[in-house]
Amino acid sequence: MTTSTRGAAKTPAVLVLEDGRVFRGRAYGAVGETFGEAVFSTGMTGYQETLTDPSYHRQVVVMTAPHVGNTGVNDEDMESKRIWVSGYVVRDPARVPSSWRSRRTLDEELAAQGVVGISGIDTRALTRHLRERGAMRVGIFSGDAVQDDAALLARVQEAPQMKGANLSAEVATTEPYVVPAIGEKKFTVAAVDLGIKGMTPHRMAERGIEVHVLPATATVEDVYAVNPDGVFFSNGPGDPATADHAVSVMQGVLERSTPLFGICFGNQILGRALGFGTYKLKYGHRGINQPVQDRTTGKVEVTAHNHGFAVDAPLDEVSDTPFGRAEVSHVCLNDNVVEGLQLLDRPAFSVQYHPEAAAGPHDAAYLFDRFVSLMEGQRA
């Protein structure tokens, strides 16, 4: 990715999909070129949390909400230390942010971090195209990077695909760190960082958990060196079929029957650890308005999602696995995609979505309490 930050607002920009579809607009953020997988997010709010979610590494995010940037950018809502999206696509960016918390405009933040974007295109048409054809490689070009369409298309088609990409180590911490419990410490959790969001250990800390965040390269020995009451596997980017190391570590945790909780990528890792396959969704689930049913209670939740892969497990039967019986605990009501797994003979469960819910909704916060209950039961 090459970028410049000068004169973006009036600079022509071009978006080129790998199937040859072209959209023309104006540069937004940095000027230059970028490549990634084109995906769309249906959230009407929470763009700052989306941008800084490590799970969006190497993805160009198309916002379906037409007006973006209304509340600017603040210093409190970052989910990591930087923006991770490869590119950003909006229809009608806010000219002036309106929020007492705003410190700078979204355009300024994108430019400062070298994120190439495009505005002024028909994002509704682009989203419909991705729904019909599926998520695909894309390039955004502005300024000196613009060439004839055929040359740009050739460059897009040379870019790497998301299927087969092993990306967790590129976004995870390289050194362990500790998030202390808020108030009285009740438990210790080892959290394997596959692309963790900042709010996730905070949600655990609110429940009296001291969280030891470990690199994606952590071994089973590293996990148990912190003497954990429970083990957590985070969200993250890439193809779960490449995550053999994380699968091996999780199997080591399951063998010891330590309480285990996984979210998003962690759900896919649990699926693989139990012997299920994974597959790439046509266009994935992204946004903060996805309906999911918790089959253990019958409750329907509105949930935050960011995943392009899913677990291939039978929806309506209990499966025998090397670690006992397992079942699908949550399912997406839009398309019946597996959204959660639980073991019936060991203290382990996972969900495909984001219960930390930054920037909302908070329907799934109970899952952290469920994790606490597993650790209480194991201690008892």
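Please read all numbers here as calculations on a predicted model, not as lab measurements.

## Notes on the side chain of Ser 86
Phase 1: Among the structural elements, Ser 86 can be located in the loop between strand 6 (67-68) and strand 7 (87-89).
Phase 2: Relative accessible area serves as the criterion here: at 11%, Ser 86 is assigned to the buried category.
Phase 3: Within the structure, the side chain of Ser 86 is placed 3.3 Å from the backbone nitrogen of Arg 58, a separation counted as a polar contact.

## Focus on the pattern of salt bridges
Phase 1: Summed over the entire model, instances satisfying the criterion amount to 20 salt bridges.
Phase 2: A salt bridge links Asp 75 to Arg 104; the shortest N-O distance between them is 2.6 Å. Note that Asp 75 is positioned in the loop between strand 6 and strand 7 and Arg 104 in the loop between strand 8 (92-93) and helix 2 (106-112), a separation of 29 residues in sequence.
Phase 3: Among the ionic pairs, Arg 272 bridges to Asp 244, the shortest N-O distance being 2.8 Å. Within this pair, whereas Arg 272 is found in helix 9 (residues 265-273), its partner Asp 244 is found in helix 8 (residues 244-255), the two being separated by 28 residues in sequence.
Phase 4: What makes Asp 244 partly exposed here is its relative accessible area of 48%.
Phase 5: Put simply, Arg 203, Glu 206, Arg 207 and Asp 369 are held in one network by salt bridges that share partners.

## Some thoughts on the domain arrangement of the protein
Phase 1: Domain assignment breaks the protein into domain 1 (2-156) and domain 2 (168-379).
Phase 2: Each of domain 1 and domain 2 has a C-alpha centre, and the two are 29 Å apart.
Phase 3: Taken together, the contact pairs 23 residues of domain 1 with 23 residues of domain 2.
Phase 4: Both sides of the domain 1 and domain 2 interface together cover about 1,900 Å² of buried area, and 48% of this is carbon and sulfur.

## Observations regarding the packing of aromatic side chains
Phase 1: Enumeration over the complete set of coordinates arrives at 6 aromatic pairs.
Phase 2: Look at Phe 261 and Phe 349: their rings are 4.5 Å apart centre to centre, the planes differ by 15°, and that puts the pair in the stacked class. With Phe 261 in strand 15 (residues 260-263) and Phe 349 in strand 21 (residues 348-351), this residue pair connects regions lying 88 residues apart in the sequence. You'll find Phe 261 and Phe 349 in the same group, each marked buried.
Phase 3: The interplanar angle of 50° and the centroid separation of 5.4 Å between the aromatic rings of Phe 261 and Phe 371 together place this pair among those described as tilted. Taken together, the positions of Phe 261 in strand 15 and Phe 371 in helix 10 (residues 366-379) put the pair 110 residues apart, joining distant regions of the chain.
Phase 4: Residue class for Phe 261 comes out buried when judged on its relative accessible area of 0%.

## Quick notes on the UniProt feature "active site" (unreviewed entry) in the protein
Phase 1: Listed under "active site" (unreviewed entry) in the UniProt record, and renumbered for this structure, are Cys 264, His 354 and Glu 356. A maximum C-alpha distance of 11.3 Å is found for the annotated residues, which run over 93 residues; spatially they form one tight group. Narrowing the list just given to those that line the largest cavity leaves His 354.
Phase 2: As for its placement among the helices and strands, Cys 264 is situated in the loop between strand 15 and helix 9.
Phase 3: When its relative accessible area of 2% is taken as the criterion, Cys 264 is described as buried.

## Focus on helix 3 (residues 123-133)
Phase 1: Among the residues making up helix 3, those that are buried are Thr 123, Leu 126, Thr 127, His 129 and Leu 130. All buried residues of helix 3 lie within an arc of 160° about the axis, which places them on one face of the element. The outward face of helix 3, more than 90 degrees from its buried face, is lined by the exposed residues Arg 124, Arg 128 and Glu 132.
Phase 2: The N-terminus of helix 3 is capped by Asp 122, whose side-chain oxygen sits 3.1 Å from the backbone nitrogen of Arg 124.

## Thoughts on a positive patch on the surface
Phase 1: A grouping of Arg 124, Arg 128, Arg 131 and Lys 282 is seen on the molecular surface, where their side chains present a positively charged patch.
Phase 2: Here the element with the most residues in the positive patch is helix 3; it accounts for 3 residues.
Phase 3: Mapped onto the elements of the fold, Arg 124 is located in helix 3.

## Considering empty space enclosed by the protein
Phase 1: What the rule picks out here adds up to 4 cavities of 30 Å³ or more.
Phase 2: Elements with a minimum of two residues in the lining of the largest cavity: helix 1 (47-51), strand 16 (277-294) and strand 17 (300-312).
Phase 3: A total of 3 residues in the lining of the largest cavity trace back to one element, the largest contributor, which is strand 17.
Phase 4: Taken together, the residues of the lining of the largest cavity sort by class into 5 nonpolar, 9 polar and 3 charged.

## A closer look at unusual backbone geometry
Glycine aside, a negative phi is what most residues show, and trans is what most peptide bonds show.
Phase 1: Not every positive phi belongs to a glycine, and Arg 58 is a case in point at roughly 70°.
Phase 2: Non-glycine residue Asn 336 carries a positive phi angle of around 65°.
Phase 3: Note that Asn 336 resides in the loop between strand 19 (324-332) and strand 20 (338-343).

## Quick notes on the packing of helix 8 against helix 9
A pair of packed helices is captured by two measures, namely the crossing angle of their axes and the spacing between those axes.
Phase 1: Contact pair helix 8 / helix 9: the axes reach a minimum separation of 9 Å and the direction vectors enclose 70°. With respect to each other, helix 8 and helix 9 are oriented roughly perpendicular. Contacts from Asp 244, Ala 246, Val 247, Met 250, Gln 251 and Leu 254 in helix 8 reach Gly 266, Ile 269, Leu 270, Arg 272 and Ala 273 in helix 9.
Phase 2: When grouped by side-chain class, the residues that make up the contact of helix 8 with helix 9 number 7 nonpolar, 2 polar and 2 charged.

Procedures and definitions
Residues numbered from 1 in each chain as written. Predicted model: local features only at pLDDT ≥ 70, side-chain atom pairs only at ≥ 80, totals over all residues. Heavy atoms only, no water. Helix = DSSP H or I, 4+ residues; strand = E, 2+ residues; numbered from the N terminus. Buried < 20%, exposed > 50% of the residue type's maximum accessible area, 1.4 Å probe, protein only. Polar contact = N/O pair within 3.5 Å; in protein donor to acceptor, adjacent residues only side chain to side chain. Salt bridge = Lys/Arg side-chain N within 4 Å of Asp/Glu carboxyl O. Domains from an automatic or database assignment. Contact = heavy atoms within 4.5 Å. Buried area = accessible area lost by both parts, 1.4 Å probe. Phe/Tyr/Trp six-rings, centres within 6.5 Å; stacked < 30°, edge-to-face > 60°. UniProt positions renumbered as here; feature names shortened; annotations may be inferred. 1 Å grid on protein atoms, 1.4 Å probe; cavity = no way out; pocket = protein on both sides within 12 Å on 5 of 7 lines; lining within 4 Å. Arc of directions from axis to C-beta. Patch = residues over 30% accessible without salt bridge, like charges linked within 9 Å, V, L, I, M, F, W, Y side chains within 5 Å. Areas by Shrake-Rupley, 256 points an atom, 1.4 Å probe, with all protein chains shown as cover. Lys, Arg positive; Asp, Glu negative; His and termini not counted. Charge placed at Lys NZ, Arg CZ, Asp CG, Glu CD. Points joined across faces, edges and corners; volume = space filled by probe spheres on them. Nonpolar A, V, L, I, M, F, W, Y, C, P; charged D, E, K, R; others polar. Axes fitted to C-alpha atoms, helices over the stretch in contact; angles between N-to-C directions. Parallel < 35°, antiparallel > 145°, perpendicular 65-115°, else oblique.

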